[in-house]
Each structure stands twice: as C-alpha cells, then as structure tokens.
Amino acid sequence: MRTAKNIAILLLIAAVSVMARQKSDRAVVDNFEKRVKELSRAADSAKTVLDCADVNASLEELEKVSLPHKSLLDRALYPDDYSKSIAHLRDRLVIRQNDLGIIETQITRIVELENQVRELSGKISSLTQENDRLLGAVKTLTTSYALSKETEKTMFDSLNIVISKLRQNLKERDNLIFALVDSLFKQYDKNVASMNDVEKQGLSGKFERRNVVTNIKKSLADNLQFLESMNLTPNDYAEITRQYQRFASQWKGLGPKLASIYLSGKQKKNEVALIDSLLSTWSAKVDHSTWKALTSLMNKGGVQLKPFSNGTEFTSNFSEFVDAEIKNSQKDPEDIQAKRFNTFNDMVWKTDLIPTWLPVLVESGKITTGQKAEIEKQFGLWHSAVTPVSPIVYGLVVILLAIVVWSLSRYFKKKPIVSKT
Amino acid sequence: MRLAVILTVCVLVMIFSGCSTLVLRPADFAWPIEVVLKPDGKGYVQEARYQVIFNVKALLYEELKDSSTVTKQTLHILRDQAGYYYITAKDFKNVYVFCQSDGALKLEKKILVSEKGLEAPAFNQKAPYIHLINENNEHAAPVMLTKDGILEGEKK
C-alpha cells in the first residue's frame, strides 16, 4: 500500500516537473535587476508629469510581474531585497516628482487613464477576433443561402442573427477605438498644437503601442467588407449610414491631430492619408448602397421611380411620380389608385420611410430638411388625390353653410333695432 | 594499583576530549542563484559576492582537452547546501562537482549529462537538489543533481 502511494507521488512529481516551465532563476533575477536599472534611469531623467506617470505605471507592472518570484529575489538580490529595491525606486520617483513640482493627483489620473487604455485595448483585440470570425460566418452562410434553391427560413434567420451581431460588434469596436484615442489624448491635458516634439514623440509611441492606426484601418476594412456582404436590409443601410457619419465625424477631429503628431515620419503620415482614402471609399460605397437600397425599398412598395443617386434627384423623381399618379387618377379606377397608395403607405411610408429613412437621410446630409418637407407634402397630395370625399363631409358642409346663413340673417335683422335705440 | 588505573583513565579522557572535533551544525552554503563567469587570460574566475577565486584551466583541459582558449568559455557555477560546487558550461558533456579542499577545489564527481554537449545550461537551486535546465527548451524536464550524480530526470 505504502509502495503504491510512493509510486503515485513520484509519478505526480514527474508529471508536474514535465508540465512546469523551467526557467533559469538567474535569468529572472537578471531581468528584474535590468528593469530596476532602466526604471531608475527613467525616473532620474523624467521631465514631465507624463514621464513620471509612465515610470509609475512601469513600476507597478514590474511589481506585479515580479511578485511570484519575491522569495527568489529576496535571496538573490544583494544588498537590497525585492521590497527594498521597489521602495528605493519609488522614493527616487517621488524625489523626481517633487523636483518637478508634480502633484500626486496628476499622476493618479494619468495612471487611471493608462489603465483605461489598457482595458480598452484588450477589448478591441478580442472584438477584432470575434468580428473576423463573424465575417467568416457571414460569408459561409451567404454562400450556402445562395446555393439553396428554396428559401430556407432557418438559414436565413441564422444569417440575420450573425449580421445583426456583427453590426453591433463593429459599432462597439469603432466606439472603443475612439474612446481609447480620447483617453490617450486626455493624458496630455493639452492641444496637440501646443505640444513640444518630445511630447509628440511620446504620444506617437503610445499610439504605436496600442495599434491605434492599425485598428482604425482594420475597422474601416471590416466596415467595407460588411457593407459588401449580401442580405442587408434597408434598416441595415440606415444604420450603416449612421455609423459612417459617427466614424467620419470622429476621424475629422482625430485625423489632423494624428497628422500633426506624425509630422516627422513619412510612412506614418502616409497611413493617415490611407485612412482618409479608405474613408472616402466607405463614403462612396455607403452613398451608392444607400440609394440602391432606397430604390429597392420604393420598388417593394410598388413605386417605380426614375434612377436617382442623390437627394435632389430622389426628391424630384418622387414629386414627378406623385404628379403622374394624380394626373392618372382620372384614368384609373378609384379602387386601383387607392390600392397602389395603400400598398406604398403600409409597406414603405409608415414602416420605413417616416421612422427610419427620412430622418437618417436628413441626419447624414443626403437630403435637406426642405427636401424632406417637400417629400411629405407630395405624399399628402397623393393621399388627397386618392382619398374620395365622404358623403358625410358633404352633409356636414351643407349644415355648416346653413348655420352661417341663418346666423347672418339674424344678425342683419337685429342691427336696425340697435341703431334706433 | 587501583590508583594507577584511575589515573590512566583520567589521562585518557583528557587526551580524547582534547582531540574531539567541534562541529557547527546545521550550516547552509547554498547560493540562491548560479553565477556565470568568464575566466580571465590566466584561467582564473572570481566571484565578487561570495569572494571565491579559483583557476579553471585544469577543468577546461579535462572537458575539452584544450585550455588555450579559456577566455571563450562561460562557466555556470552554483554551490549547494552542503557546500559542493557544481560547474558546467555550454557544449560540456559533464557537470563537475567539487568540494572545498586545502586551498583548492577537489573533484568529487564527474556527472555525464549530455552525450552531445549541453546547449544552454543553467543551474537552479532547488535544495536539497541542484536542477540543471536547458534555457533554450523551457518545457524540458530538469536534470536533478546531487553530489553523487543524477537523481531523477533524463540524460540528454
């Protein structure tokens, strides 16, 4: 029994020793000493609050990473042990901060922002991975759906679920990227224009470390890919238009700042230009897809408009269509006219155009408020043309007229009496 | 006669008690981490923290049959709890275990650890053993050494 137990223990030890990663203790100690020296130099040469915050963040990171080796470091370091080495480094930083007249709260705030940046960066990476997976799933499902001759509802539903999730993720990642950029800028507490070259270099390094430009490019590429994927509904396009607007407006604020930070590096400046160009492509595709989707939406409601590719053409073509409908009202039977109007009203106007499309088109600047009012007016005219006046309305008008006549006659009869008195 | 016996016993007790060795126990000579040293042109290695200095020319000749290129070798040295020195280097086939002697280090054991020669050796102090690892292969099991040889693990 005892032998069996011993064998089991030996096997366990052997297994653990095989599984465990063997690292040289000397390498651990050397690495710690090297980092302490580096941070010590960095603390001594810190010139701004940000430099101090960077050293502070690195010191915390070093403390966290080295803690599992505390016992080894305590034995190996000489004359200071692990805790003393960290404490000396911290004291050195505090002395430097005092020399520079930096208040502790400034450091704390920057460290908080840095943690926020780290967290956001992690989220962006995991969302990027998930989005790649979802884009792959959309492609596979779209191909399978196209190949299946009959419309399989389950496949269609799965595709829509994936698309919806992907759309949500893309939106979330775009927001996270700009939140990360915001946190990075906040650390400097000043405009890029008033930053000196060292600060710009520091910020540029941070952007580089957090892959900001790469993430923006990736985001644009994914959004373009999403736009090209099939099976998007008109509402998807409306949402994409909104997303493009948000992205473009955020980039409008960030682009010049990045260009200013990357002033020295030609390659990096080219990357900013590349983002501008990707954004233009996205804009053109969003524009094209929006009008295409709107055309299919109008067709779905039985309204065949002349081809249009901008807000003015859309408004004028819709007005032209309504004019034609009103003119034709004398030729076509009333019920057919009403049916055409009601189909459009029920399937497009009430469900999509009024609640989604028209506000989005105005919001994105594709149509003006005046053009929206014109479209609504034309719709009203069409409505009036196809809705016959009810006999009750005629009756009411006759009654109203009779009341008016009666009131007037009474008024004129009484008037001479008042003048005599 | 009886007095003579008592006196003899007393004298013997006094003689033996004067000859007995004073032992301080326990003692721990272990270094927490290995030291990595390059011999100077004359073959000396010097450890600053523990103030140890010795000549390794004979060791290099024993292992490589060549002691002319001493400065090219980097030796990994670690002392265990009992005070034995373990010495090896890259491309060595053996780990040498030395004990402290009168103004010298005396070979206690020559342990064959690799037929091909060690790739990137490093010692770790895992009292009561010394672990020999390959820094280029962190997943490989360590060779567990004592002054008498390999305790557990595989020969490479």
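Predicted model only: the values in this text are computed from it and were never measured.

Observations concerning empty space enclosed by the protein
Residue and element names in this part refer to chain A.
Argument step 1. Summed over all chains, the structure comprises one cavity of 30 Å³ or more.
Argument step 2. By volume, the largest cavity amounts to about 60 Å³.
Argument step 3. Lining the largest cavity are Arg167, Leu170, Lys171, Asn223, Phe226, Glu239, Ile240 and Gln243.
Argument step 4. When residues of the lining of the largest cavity are traced back to their parent elements, those giving at least two are helix H7 (153-186), helix H9 (212-228) and helix H10 (234-261).
Argument step 5. For the lining of the largest cavity, the per-class residue count stands at three nonpolar, two polar and three charged.

Description of the sheet that holds strand S4 (residues 75-79) of chain B
Strand pairing in a sheet relies on backbone hydrogen bonds, with the paired strands running either antiparallel or parallel.
Residues and elements named next belong to chain B.
Argument step 1. What the five strands build is an open sheet, ordered S1-S4-S5-S6-S7; its pairing is antiparallel. Edge positions in the sheet fall to strand S1 (35-37) and strand S7 (104-112), since each of these pairs with one other strand and no more. Across the sheet, the mean angle separating the axes of adjacent strands is 30 degrees when strand polarity is ignored.
Argument step 2. Set on the sheet, helix H2 (residues 57-64) makes contact with S4, strand S5 (85-89), strand S6 (94-101) and S7; between it and S6 the angle comes to about 150 degrees.

Details of the packing of helix H3 (residues 49-66) of chain A against helix H5 (residues 82-100) of chain A
Residues and elements named next belong to chain A.
Argument step 1. At a minimum axis separation of 11 Å, H3 and H5 run at an interaxial angle of 170 degrees. Regarding the angle of H3 to H5, the classification is roughly antiparallel. Contacts from Cys52, Val55, Asn56, Leu59, Glu60, Leu62, Glu63 and Ser66 in H3 reach Tyr82, Ile86, Leu89, Arg90, Leu93, Gln97 and Leu100 in H5.
Argument step 2. The residue inventory of the contact of H3 with H5, partitioned by class, reads nine nonpolar, three polar and three charged.

Some remarks on the nonpolar core
Argument step 1. By size, the foremost hydrophobic cluster in this structure holds 71 residues, and its most contacted members are Phe207, Ile216, Trp282, Leu294, Met298, Phe344 and Leu353 of chain A.
Argument step 2. With 12 residues, the top contributor of residues to this core is H7 of chain A.
Argument step 3. For Met298 of chain A, the contacting residues outside a window of four places in its chain are Val303, Leu305, Phe314, Phe318, Phe344, Val348 and Leu353 of chain A.
Argument step 4. Listed in part, the 32 residues of the second largest apolar core include Val45, Leu59, Phe123 and Leu132 of chain B.

A short note on the confidence of the model for chain B
All names here are of chain B.
Argument step 1. The predicted model of chain B has a mean per-residue pLDDT of 87, with 84% of residues at 70 or higher.
Argument step 2. Predicted confidence in chain B is weakest over helix H1 (residues 2-19), with a mean pLDDT of 61, and strongest over S5, with 97.
Argument step 3. We note a pTM of 0.51 for the whole complex and an ipTM of 0.81 for its interfaces.

Rules and cut-offs
Residues numbered from 1 in each chain as written. Chains lettered and ligands numbered in written order. Predicted model: local features only at pLDDT ≥ 70, side-chain atom pairs only at ≥ 80, totals over all residues. Heavy atoms only, no water. 1 Å grid on protein atoms, 1.4 Å probe; cavity = no way out; pocket = protein on both sides within 12 Å on 5 of 7 lines; lining within 4 Å. Points joined across faces, edges and corners; volume = space filled by probe spheres on them. Helix = DSSP H or I, 4+ residues; strand = E, 2+ residues; numbered from the N terminus. Nonpolar A, V, L, I, M, F, W, Y, C, P; charged D, E, K, R; others polar. Pairing = 2+ DSSP bridges. Axes fitted to C-alpha atoms, helices over the stretch in contact; angles between N-to-C directions. Contact = heavy atoms within 4.5 Å. Parallel < 35°, antiparallel > 145°, perpendicular 65-115°, else oblique. Core = buried A, V, L, I, M, F, W, Y, C linked by side-chain atoms within 4.5 Å. Buried < 20%, exposed > 50% of the residue type's maximum accessible area, 1.4 Å probe, protein only. pLDDT = per-residue confidence, 0-100.

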